[in-house]
Every structure is written in structure tokens, then in C-alpha cells.
Amino acid sequence: MAVVPVYNMITVPDSSLFLQTGVYRAMTGRAPVENEKVTVIVAKREASRRELESDSFYPIGVSGQIREVNEQGYLVIRLGQRVNLDEVYVFPDKTIELTVSRRADVEDLDPADAALRLTAIKEELLSFSRGFEWGEMLRGFVAAWESIGDVGAGMSPWMSASNEARYALLAEDSRKARFDKLEAMIYENLELARVRLKAQSAQRADHEKLYKEQALRKQIDYLQQELEEMHPEEESDLRALEKKIESCGMNETALKEARKLLARLKSEGQSGHESGMLTDYLEFLTSLPWKKEEAKTISLDEAEQILDADHFGLEKVKKRILEQLAVMQLKGQQSGSILLFVGAPGTGKTSIGQSIAKALGREYVRVSLGGVRDEADIRGHRRTYIGAMPGRILDGIAKCGVSNPVMVLDEVDKLSVSYNGDPAAALLEVLDPEQNFSFTDHYLNVPYDLSDVLFICTANTLDTIPEPLLNRMEVIRFQGYTPTEKQEIALRHLLPKALEAAGLKDGDTEISPETIAHIISEYTREAGVRGLKKRIDTLCRAAAVQLVRGGKPPVVMTPDNLREYMDMSPIRQKNVKEHAEPGVVTGLAWTQVGGDVLYIETKATKGSGKLTITGQLGDVMKESAQIAVSLVKSLYPDKAELLEKEDLHIHVPDGATPKDGPSAGITLTTALASLVSGVPVPPAVAMTGEVSLQGSVNPIGGLPEKLMAAQRSGVKKVFIPADNVDDLRDVAKEVRDQLTIIPVQSVAEVLSKLSLTQAN
Ligand code: ADP
């Protein structure tokens, strides 16, 4: 007798168990022999023969007999009575020995009722199988099934029921309960099969719809082509647009929108009232670069060479740019922190942006923000507006044609707020790496990814840039050039370019370095080189005129004959005055176009202690003047009374330039001190510093620009706040060498160094 362990099968009495011969061999360790008696036992878990133990089995099994071992690799065991497994031994070689006793059924099944229900099940099965090819085969089986056990065992492989549930049938003592359970299981599985079938056919219907749609599209394409051939002039625009929409690689959202609007355009026809707007929109949408550009490897050496070749000097700026490139390379990013170039006009901010693009081998695009007041300028108008347009950012992207340009946003300090929204807030979104991968222009109406754009902003001053915007950016200062630097820039860059632009060749002109130096000192007064460039361009054009008129080359230009060629007279240089006067002191100011010198004039007239301040001063500067008056009163107690009887007038000439800021404090105080003490201060002595009511001198901004202006104007000695000494690092050596710079901590120090304290 063989012991046959099985798993996950229906093994109820009065049924036939079908087993693969291979499985039988593997589980029993012997070959099946026809008519041999067997005991089928049920394993609790799925296990190979090697893993079987005495406790691997449920306590009830079923006896049976091998009826048939067929050629196709199957054997059939007819199952008979249930048995209790009293003892189970699994030997080390995995042969199993059992002691069993018969387990009686409770005979409570009404045979007539059972027969009726069996017929019903069989009919149900047959009706289900109708319409299937395998239904025919099933019919043969169904006819042969004599008991509900047969049905269960026959369907066992297709039933979804757990091993426990299947065993529970065998463990059931009541024949009626066993019948009920098995019947329920069969109906349940039949229902499951029906649902599955429905789901499958629904899926098939979906597939069919897809195929149908594709087939229809192909037909539409074909018909359209036919139409096009008949009216080539009419359809070609739309077709071209459609092709562009499908091929330009836009994102899902954009594609959906484009298809929708194209369909509308098609249905409206070329003459519909919206067709112009729709066409413009689709043309713009498809002209945007949607495909991502590969990040290129950056060679720092090459980048450095390119930066050096295009721009003279600017060492610190170039160093910072190279750092940025290195970080981008290491992080594998196409954009990095947003740089903000701040400095006077003509200091090379925009043009170095262009060089960065060149160094990176990327496209360059410049977007000017000067005077932008509308949010729509940045973010576009909604399409529903008449004459709606995209914003400047996306317009720039469309113009340069790639998704990763170097974009210079010029003059971010000239943005202003109007009732049409805050452009700075929109710009914030453009620059924010957390948001700009899905920037939505109102006109475009679908997100566009700006995250690969390398943004560089430029500004003349930080004062007018909104704080949140400023926080996003890293400030790099362009301090302006010294005369020597300007000379180099002119000779290396501006002159060769101007000659070429005017069509002049070698030998056509002679413009010596002295001539250039003369232009710089007599015809320009600026921190940058924009004016210088214009003058040189003018000279070259004048030379071209001479040559074309028949003049003999070379046209020689010297400091002496320069005036003939220039379209302007020499600028009256604002050199410091020659004569010193009590009450007048030279101060230094920072302006958007670089540094400047200014004079503070004071006068006392008979009166009643009134203070008059003139010269377009801002509130902060007016307060400084009041502090200065109080300070001088306390520093010169014996003059205080005098001041009560006199009116004081403080004036800062050059009214056209607006002046404000606290840094004139020390100059105002010194001017008043000079006035009351009657001791003049030499005009070649200048000073800058905020003054506190206690008389200490506090630090100020823009020191490099101020010192450069001082040197330009012939100042020899400058008092600066001691706390600004660190800033001297940013001042060109040439400027430092030519000035005597004296750091001071208090007003008293300045006054004593200028001998204003002893005099009476
Ligand atoms: P900004 O943007 O600061 O107002 P630009 O970049 O327009 O100034 O510069 C004005 C002109 O001066 C440009 O033609 C530029 O090439 C030139 N330029 C400025 N600085 C340098 C420099 N360091 N080397 C060479 N050319 C310079």
C-alpha cells in the first residue's frame, strides 16, 4: 500500500483524483501500479518530499485505489472512505508509514435531493460552457460525473479555494454539510469565472476601440492628404502646424492643449474669427524649444581663456564665474546660483554675460527689464486678451531656440510696481529653482521648464531691488575702471573693434596711446567705458570719412588735433577747487553711475538760529545735517551762543543729482566746524563717513567707487571710517597708491588732524 501526500486538491470520498505520474513518483518515491491500494493524506503546507515530517499532515485522510495509469502521464485514483491518521511516521528516507482507523460519515444526505441538485449543477456548467470551443470537451466529462465529489475533483484545478478550504470538505463528517459546502464552492467559482470573462471582454472592447481609433486617424490622414493635393495652398499651413505639434517634443499637457486648439482651428477654418489668434498661439507654442539639451562638459581652462580674451581685468569677477562653472560641472547641473552683477553702466556686466555663454558653448539671450511695470511683461497676457503676447522670458527662450541658454536679465533694479501687478513677484517665480521647472506663462497656459536656463541679472544699484528677489541672488560687484585699466581696455578691445566696424585697415589711421589717454581724461567722466567706446567709434568714423574724401592714409590723431574729429567739446572736469574757504569741504558720494565728488558749502548770516538746507537733499541727508549742527554746537560750546544768533545755511551744489544717504555726515560736520572756527580745509582733502550723535564715525558703502572718483578729481587725502579698512582690498592699487587714506574713528580725530580744534 502506498501513502500519497497531496496539497491543494479536492479529496472527498466518491470522487476520482487525477494526478500526474511525475508528481506521484516525486511524492511517494515509487511508481504507480494499477489496482494498488493507496491512502491519500493532505499536507498542511506546500512541501517537497524531502521536507515532509510526521507533523506535516492534517489528521484525516482518505483511502483509495489506483484505477488507471495512462500513457499521457496521468493516473486516476478512485477515492473511497475517510480514515483517521492515528499515527504517522516519516522515516529518514522519507517513506511514510501510517496507522489508520476508519472515520465514519454521518449519513444525513437525502439521495433524491442530492441527485436533483447535482443535475442542476451539471446543467449550469453546460450552459456556461456553451459558446466556447472547449465546451464540447467539457460535455464529455460532465456526462461521466456521477457525484458532486466528481464535479469538485474535476474542477479542482480551476477553482480558487485555499488548501484549508479544500481540506475542510474532507474533514466534514456530515455528508449533507459536505455536499452543501462543495456545492457553494462550485457555484462561487462559476460566478467568478463569469465575472472574469466579462472583464476580459471589456478589456478586449477597449483594445478594439484603440485599434479602431488608429485606423480612423490613418483614414483621416489619408483623406487630408488627398484634399491637400487638390488644394495645396489651403491645407499646407495646418498640416505643417500639425506636424510640428507632433514632432517638437512638447510635454503631455502642452500636447493636449495644442491638439485641442488645432482641432478648433480645423473646425473653424482659416476664416473663423479666432483663427488668427489660434494660429499665432500654435506657431509660438511649436517654436519653443521643448527638447532638453545635453549638459556639456566644461573645460575650466578653456572657459578661463575665453573670459580673459574678451575682457581685460575684472579678476575677481572672473574668479567667481569660474567657481560657479566648477560647481555646475560637479553637480551635473546646467544652472546654478543666480548671479547679480552690480555696477555702474559700461563696466562690462552685460558683455561678460555674453562671454559666459561663449565659454559654456551655450546660446546667449538678453532680456531687458528696464521700465517693466506690468506683471504681464514677465508672464504674458492671457490668450483671451486682444493682442495677447507671451512674456519676455518665454519670448527670449523662443528667440534663442534652445532650452538651456545663458539668459541675462538686464536692469533688474529698474522694475517697478504698478496697478497691473508686481513684475518682481513674477520674476521671483522665474528664478526660483523650486518652481521654475513648471513656469506657466499666461499666454502659453501650459507649464514650461526653465530649470536649465542659466540666469544672470544686472543692476546699477541694489537699493531698488525688492528684498525677496535680492535674497535669491548672489551679488558680484563691478567697481569701475581706473584710467590705466581704461587705457588697456581701449587699446586691446575697443579700438580694434572700432577700426574693424569702420572698415579701417592697418596703416589707415594712427591713434597713439597718448591720444587714448587724452580721450579718457578730457572727453569722458565715467566709471565704465561706455562713453570711451563711443568717442573711439566717433574717431574711427571720422577717419573713414577723411579717407573716402581722398585723404592720404594714415589719418593721424593726436591729443592736439583731437578736437577736430570729436563731435563734442572736452568735458569740464570736475577737479577739486584750488582755493580753500572756511565752511566748504569736499565730500564723496556714491551714485548709480559710479562715484562722484561733491562740495558741502555752509554759511552763517545774521538771524535767529534757523537752519536752511538746500540742494535736493534726501531725508537721511537732512537728518545728517541736523546731527552735524548739534555736534558742532557741543564741540564748540563757546560758539553755540553765536549760532543761536545766526541763521545757518547748508548747500550741496549740483542740484540735478539727487543726493541721499548718511555718508556725508562727517563732511557736513567738518564743513560746519570749519565755518565756526574760521579755519579753511584744503579742497584736496575729502572725506566720507556716517556720524553718530556721540561723534563717532561709522562705516559706509561704495568705498571703492568713492575713492576712484576722488582720485579722478585730484583729491590727495581721504578720511574714511576705520571700520571700512577691510574694503580697501577691493580698491585698485593704482588708486590706493595715489591717495593718502586715513582711517578715523571719531569726528574729533578728523577735526584735530585738520587743525580745526585749536583755532578760534
Ligand atoms: P554694462 O552692461 O555694465 O552697462 P556693457 O557690458 O554693455 O556694460 O559694456 C559696454 C562696452 O564696454 C561693451 O562693448 C564691452 O565689451 C566693453 N567692456 C566693458 N568692460 C570691458 C573689459 N573689462 N574688457 C573689454 N571690454 C570691456
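Residues numbered from 1 in each chain as written. Predicted model: local features only at pLDDT ≥ 70, side-chain atom pairs only at ≥ 80, totals over all residues. Heavy atoms only, no water.

Engineer: Would you mind showing me how to read the packing of aromatic side chains here?
Structural biologist: The relation between two aromatic rings is expressed through the spacing of the ring centres and the mutual angle of the planes. Summed over the entire model, instances satisfying the criterion amount to 6 aromatic pairs. Each ring, one from Trp290 and one from Tyr448, has its centre 5.1 Å from the other, and the planes form 70°; the classification is edge-to-face. Here Trp290, found in the loop between helix H9 (275-287) and helix H10 (300-310), pairs with Tyr448, found in strand E11 (residues 447-448); they are 158 residues apart in sequence, far enough to count as distant. Of the two residues, Trp290 and Tyr448, neither departs from the other in class, the shared state being buried. Aromatic side chains Phe341 and Phe478 sit 5.0 Å apart centroid to centroid with 45° between the ring planes, which places their arrangement in the tilted category. Here Phe341 is found in strand E7 (residues 338-343), whereas its partner Phe478 is found in strand E13 (residues 473-478), with 137 residues between them in sequence. (Phe/Tyr/Trp six-rings, centres within 6.5 Å; stacked < 30°, edge-to-face > 60°. Helix = DSSP H or I, 4+ residues; strand = E, 2+ residues; numbered from the N terminus. Buried < 20%, exposed > 50% of the residue type's maximum accessible area, 1.4 Å probe, protein only.)

Engineer: Is there a simple way to think about a nonpolar patch on the surface in this case?
Structural biologist: The grouping of Trp134, Met137 and Phe141 at the surface amounts to a nonpolar patch, some 340 Å² of accessible area in total. Checked against the element boundaries, Phe141 lands in helix H3 (residues 135-144). Assessed through its relative accessible area of 43%, Phe141 is described here as partly exposed. (Patch = residues over 30% accessible without salt bridge, like charges linked within 9 Å, V, L, I, M, F, W, Y side chains within 5 Å. Areas by Shrake-Rupley, 256 points an atom, 1.4 Å probe, with all protein chains shown as cover. Salt bridge = Lys/Arg side-chain N within 4 Å of Asp/Glu carboxyl O.)

Engineer: I would appreciate a short explanation of the site of the ligand in the present structure.
Structural biologist: Taken together, 19 residues sit near the ligand, with Phe312, Gly346, Lys349, Thr350 and Arg530 positioned nearest. Between the ligand and the protein, one listed contact pairs an oxygen atom with a backbone N or O atom of Gly346 at 2.8 Å. Take Thr347: an N or O atom from its main chain is 3.2 Å from an oxygen atom of the ligand. When the ligand sits alone it has 550 Å² of accessible area, and the protein chains cover 89% of it. Residue assignment for the shell around the ligand shows that the elements contributing at least two residues are helix H12 (349-360), helix H17 (483-501) and helix H19 (530-548). Within the shell around the ligand, the residues separate by chemical class into 7 nonpolar, 7 polar and 5 charged. (Near = heavy atom within 4 Å. Polar contact = N/O pair within 3.5 Å; in protein donor to acceptor, adjacent residues only side chain to side chain. Nonpolar A, V, L, I, M, F, W, Y, C, P; charged D, E, K, R; others polar.)

Engineer: I keep staring at the packing of H17 against helix H18 (residues 513-523) and nothing clicks. Help me out?
Structural biologist: Two quantities define a packed helix pair, namely the angle between the helix axes and the distance between the axes. The geometry of H17 relative to H18 is characterised by a closest axis approach of 10 Å and an angle of 120° between their N-to-C directions. Classed by the angle they form, the pair H17 and H18 counts as oblique. Every pair of crossing elements has a handedness; the one defined by H17 and H18 is right-handed. Along its contact with H17, which presents Pro483, Lys486, Gln487, Ala490, Leu491 and Leu495, the element H18 presents Pro513, Ile516, Ala517 and Ile520. Residue composition of the contact of H17 with H18, grouped by class: 8 nonpolar, 1 polar and 1 charged. (Axes fitted to C-alpha atoms, helices over the stretch in contact; angles between N-to-C directions. Parallel < 35°, antiparallel > 145°, perpendicular 65-115°, else oblique. Left-handed = near helix turned anticlockwise from the far one by under 90°. Contact = heavy atoms within 4.5 Å.)

Engineer: Which parts of the structure should I look at to understand the environment of Glu146?
Structural biologist: Note on placement: Glu146 falls in the loop between H3 and helix H4 (148-155). Each C-alpha atom, one on Glu146 and one on Glu514, is 122 Å from the other, the two residues being 368 residues apart in sequence.

Engineer: Sorry if this is basic, but what is going on with the nonpolar core here?
Structural biologist: As a rule of thumb, nonpolar side chains are buried together in soluble globular proteins. In this structure, Leu282, Trp290, Leu340, Leu409, Leu427, Leu431 and Leu450 are the most contacted members of the largest nonpolar core, which totals 57 residues. In terms of nonpolar packing, the next biggest core, distinct from the first, is built from 48 residues, Leu339, Ile352, Phe478 and Ile536 among them. (Core = buried A, V, L, I, M, F, W, Y, C linked by side-chain atoms within 4.5 Å.)

Engineer: Would you mind going over the side chain of Lys318 with me for this structure?
Structural biologist: Position of Lys318 among the secondary structure elements: in helix H11 (residues 315-331). On the basis of relative accessibility, which here comes to 6%, the residue Lys318 falls in the buried class. At 3.0 Å, the side chain of Lys318 forms a polar contact with the side chain of Asp308. Those residues in contact with Lys318 that lie beyond four places of it in its chain are Leu307, Asp308, His311, Phe312, Gly313 and Ile352.

Engineer: How do you make sense of the sheet that holds strand E9 (residues 406-410) when you look at a structure like this?
Structural biologist: Backbone-to-backbone hydrogen bonds pair the strands of a sheet. The strands run either parallel or antiparallel. Strand order in the open sheet formed by 5 strands is E8-E9-E12-E7-E13, with parallel pairing between adjacent strands. The sheet is open, and its two edges are formed by strand E8 (364-368) and E13, each paired on a single side. Looking at each pair of strands side by side, their axes are set apart by 25° on average, direction ignored. Where E9 lies against strand E12 (residues 454-459), 4 bridges are found, and the strand directions are parallel. (Pairing = 2+ DSSP bridges.)

Engineer: Hey, could you run me through the pattern of salt bridges in this one?
Structural biologist: In a structure, side chains of opposite charge can pair up when their charged atoms sit close to one another. Going through the model one piece at a time under the given rule, you end up with 40 salt bridges. A salt bridge links Lys244 to Glu283, with the shortest nitrogen-to-oxygen separation between them at 3.2 Å. Of this pair, Lys244 sits in helix H7 (residues 232-247) while Glu283 is found in helix H9, placing the two residues 39 residues apart along the sequence. Linking Arg264 and Glu274 is a salt bridge whose minimum nitrogen-to-oxygen distance equals 3.2 Å. Residue Arg264 is found in helix H8 (residues 252-268), and its partner Glu274 is found in the loop between H8 and H9; the two are separated by 10 residues along the sequence. Of the residues examined, Arg264 reaches a relative accessible area of 33% and is grouped as partly exposed. If you follow the salt bridges from partner to partner, you end up with Arg82, Arg103, Asp105, Asp173 and Arg178 in one network.

Engineer: Sorry, what's going on with H3 here?
Structural biologist: An α-helical turn contains 3.6 residues, so a residue and the one three or four places further along point in the same direction. When H3 is considered as a whole, its buried residues turn out to be Gly135, Leu138 and Val142. Down the axis of H3, the buried side of the element spans an arc of 55°, and every buried residue falls inside it. Of the exposed residues in H3, those oriented more than 90 degrees away from the buried face are Glu136, Met137, Ala143 and Ala144. (Arc of directions from axis to C-beta.)

Engineer: What am I meant to see in the environment of Leu325 here?
Structural biologist: Its location among the elements puts Leu325 in helix H11. Given the relative accessible area of 1%, Leu325 is considered buried. If sequence neighbours within four positions are ignored, Leu325 has contacts with Ile298, Leu300, Ala303 and Leu360.

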